[in-house]
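# Structural overview
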Amino acid sequence: MTHNTLRNQNDFSILSKEWIQNPYPFYDQLREQQPIYWLSSITHKGWFITGYEEAINILKDQRFRVRKPLPRNTHKFKDLKYIQNEMMLYKNPPDHTRLRSMFQETFAQQAILQLKPLIEKTVDDLLNSVKSIGTMDVIQDFAFPLPSMIIAEILGIPKEDRHKVRSWTNQLLGVIDLTRTNHTLYKGNEIAQQVKEYFRDLLLKRKQMPKEDVISQLAQNTSLTEDEIMSSLILLMIAGHETTVNLIANSILTLLTHQEQMHLLKQNPSFIHSAIEECLRFESPTQITARYAAENIMVGNALFKRGEQIYIVLGAANRDPKKFSEPNQFDITRSPNPHLAFGAGTHYCLGSQLARLEAQIAVNSFIQRFDQITQLDPSPRWRKLAGFRALKSLPVSFTAK
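As a starting point, this report considers the structure included with it. Computed from a predicted structure; not experimentally measured.

Each value, and the rule that gives it
- Residues numbered from 1 in each chain as written.
- Predicted model: local features only at pLDDT ≥ 70, side-chain atom pairs only at ≥ 80, totals over all residues.
- Heavy atoms only, no water.
- Buried < 20%, exposed > 50% of the residue type's maximum accessible area, 1.4 Å probe, protein only.
- Helix = DSSP H or I, 4+ residues; strand = E, 2+ residues; numbered from the N terminus.
- Arc of directions from axis to C-beta.
- Contact = heavy atoms within 4.5 Å.
- Phe/Tyr/Trp six-rings, centres within 6.5 Å; stacked < 30°, edge-to-face > 60°.
- Lys NZ or Arg CZ within 6 Å of the ring centre and 35° of its normal.
- 1 Å grid on protein atoms, 1.4 Å probe; cavity = no way out; pocket = protein on both sides within 12 Å on 5 of 7 lines; lining within 4 Å.
- Points joined across faces, edges and corners; volume = space filled by probe spheres on them.
- Nonpolar A, V, L, I, M, F, W, Y, C, P; charged D, E, K, R; others polar.
- Pairing = 2+ DSSP bridges.
- Axes fitted to C-alpha atoms, helices over the stretch in contact; angles between N-to-C directions.
- Parallel < 35°, antiparallel > 145°, perpendicular 65-115°, else oblique.
- Left-handed = near helix turned anticlockwise from the far one by under 90°.
- Polar contact = N/O pair within 3.5 Å; in protein donor to acceptor, adjacent residues only side chain to side chain.

## Here we look at helix α3 (residues 52–60)
- Taken residue by residue, α3 has Tyr52, Ala55, Ile56, Ile58 and Leu59 as its buried positions. Along the long axis of α3, the arc covered by the buried residues comes to 165°, so they all point the same way.
- Where α3 is buried, its residues touch β2 (46–49), β3 (64–65), β5 (288–293), β7 (302–304), β8 (309–313) and α16 (314–317).

This is the structure:
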């Protein structure tokens, strides 16, 4: 199969306002042409996978490896290369398996359920803080601080330092997105150095005076190198924060724009589990995940040549009509719902159970505690990211019970 390109490449840009605000028509266009489609009209050209079966097969096939996002022949981004090349996210087996096993117990379902009282109290405190005001920004007042506090508690980041997490994650997130620029990389390089220094200092303190947290456990672990410890902490900081912020915010926005579904959930709180799964499918926090072909590989009638970049468009796969009936319809009772929002295979999201639990508690509490919830901005703006579905803000008004 020869590489296909869009007929009018000038009409296609992942940086366009139309794409950022609503990528789903573009996904449909790509899928209708070919579920495996070569795009050369973007800076980081490669294969875009928009079909569900094609996506899950590639995600589970270990011949497709995780790409190190930065070129190896540059010295300008040394510290950034260190973080990206060493992060567990960018490791392949057996290193990935070894590092992942270190955190399996921390993020196992039983361990996550023990955090439920802490999550519930944090949610109550955040909602109580805005109850008398009658307005809030869902992002700044709720969706951001909740996961920041929880992942910081798990890792062992001191309370006085937790304000740094949002700044770091926001800027490092842009480094791994398709929209990254040289400016983004330079800025990310500065942040990478700050994060390295911070965790190195904190690891030293925990080695001398351990506590019951992940950082202390890693500080005492002699089987890991310092690089592996710090880079894994950075990954957990980013993944444990950003995905959940977007999941909570996207869920609330989707419910606000589907009032009949919000009413259904309000009347039936037990639907929260299937509701969050549908939010994950309908507005996936992570839209694109990348791989590269470690060898020449045939998938269907497409030949992936060794080294070629592959973009698995999770947001498109989750709306593939071959897998989901009425895929553009939001239905909180949808079952089964085998979405790929957390990926599949070896790199399936380690923190998926934590993200689910936080979102279930946060969204249900928000819906049940407030009445007459109104979206104040009819056209909320999305952050200029292609690989992530992230709102800039979400102002609402409400009446408290």
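So that's the structure; there's more coming.
## With respect to the environment of Asn301
- The topology assignment puts Asn301 in the loop between β6 (297–299) and β7.
- For the pair Asn301 and Ile36, spaced 265 residues apart in the sequence, the C-alpha separation amounts to 9.2 Å.

## Comments concerning the packing of aromatic side chains
- If you walk through the whole model with that rule in mind, you get 15 aromatic pairs.
- Ring pairing ties together the aromatic residues Trp19, Tyr24, Phe26 and Tyr27, which thus form one cluster.
- Above the face of the Tyr24 ring, Arg319 is positioned so that its terminal group lies 3.6 Å from the ring centre.
- The lysine or arginine in question, Arg319, covers the ring of Phe282, its NZ or CZ lying 3.9 Å from the ring centre.

## Section: empty space enclosed by the protein
- Tallied over the full model, the rule gives 1 cavity of 30 Å³ or more.
- Its boundaries defined by the atoms lining it, the largest cavity holds a volume of some 50 Å³.
- Around the largest cavity, the lining residues are Trp19, Ile20, Pro23, Tyr27, Gln287, Trp382, Arg383, Leu385, Ala386, Phe388, Arg389 and Ala390.
- In the lining of the largest cavity, the residues fall into 9 nonpolar, 1 polar and 2 charged.

## Here we look at the sheet that holds strand β10 (residues 395–400)
- Across the sheet, 3 strands lie side by side as β4-β10-β9; this open sheet has antiparallel pairing. Unpaired on one side and paired on the other, β4 (135–137) and β9 (370–375) mark the two borders of the sheet. Adjacent strand axes in the sheet meet at a mean angle of 30°, parallel and antiparallel pairs treated alike.
- When β4 meets β10, the two strands line up antiparallel, connected through 3 bridges. Counted as the bridge partner of Thr135 is Ser397 from β10.
- The strands touched by helix α17 (residues 352–369) are β4, β9 and β10; relative to β9, the strand with the most contacts, the crossing angle is about 105°.

## Focus: the packing of helix α9 (residues 145–155) against α17
- Remark: α9 packs on α17, axes separated minimally by 11 Å, with the N-to-C direction vectors making an angle of 140°. One way to sum up the angle between α9 and α17 is to call them oblique. With respect to the hand of their crossing, α9 and α17 are arranged in right-handed fashion. Residues Leu146, Pro147, Ile150 and Ile154 of α9 form the contact with α17, whose participating residues are Leu354, Glu358 and Ala362.
- Across the contact of α9 with α17, the residue classes break down as 6 nonpolar, no polar and 1 charged.

## Looking at the side chain of His339
- Relative to the helices and strands, His339 is located in the loop between α16 and α17.
- Accessibility expressed as a relative area gives 10% for His339, which makes it buried.
- Of the polar contacts made by the side chain of His339, one reaches the backbone nitrogen of Ala341; its length is 3.2 Å.
- Among residues more than four places away in sequence, those in contact with His339 are Glu277, Leu280, Arg281, Asn318, Phe324 and Arg356.

## Quick look at the packing of helix α11 (residues 182–208) against helix α13 (residues 226–256)
- Two numbers describe how α11 lies on α13: the axes approach to 10 Å, and their chain directions differ by 110°. With respect to each other, α11 and α13 are oriented roughly perpendicular. Of the two possible hands of crossing, α11 and α13 adopt the one that is right-handed. Only Glu226, Ile229, Met230, Leu233, Ile234 and Met237 of α13 make contact with α11, whose side of the interface consists of Val195, Lys196, Phe199, Arg200 and Leu203.
- When the residues that make up the contact of α11 with α13 are grouped by side-chain class, the tally is 8 nonpolar, no polar and 3 charged.

## Points about the sheet that holds β5
- A sheet is described by the order of its strands in space; here 5 strands give the open sequence β1-β2-β8-β5-β3, paired in mixed fashion. Whereas interior strands pair on both sides, the edge strands pair on one side only; in this sheet they are β1 (36–39) and β3.
- Sheet topology note: the β1/β2 ladder contains 4 bridges and is antiparallel. In the strand pairing of β2, Trp38 is matched with Trp47.
- Strand contacts of α3: β1, β2, β3, β5 and β8, with the helix running at about 125° to β8, the strand carrying the most contacts.

## Points about the pairing of β5
- The pairing of β3 with β5 spans 2 bridges and is classified as antiparallel. Note that in β5 the partner of Arg65 across the bridge is Tyr292.
- Bridge count for β5 against β8 is 5 bridges, and the pairing is antiparallel. Following the sheet pairing, Ala290 is matched in β8 by Tyr311.

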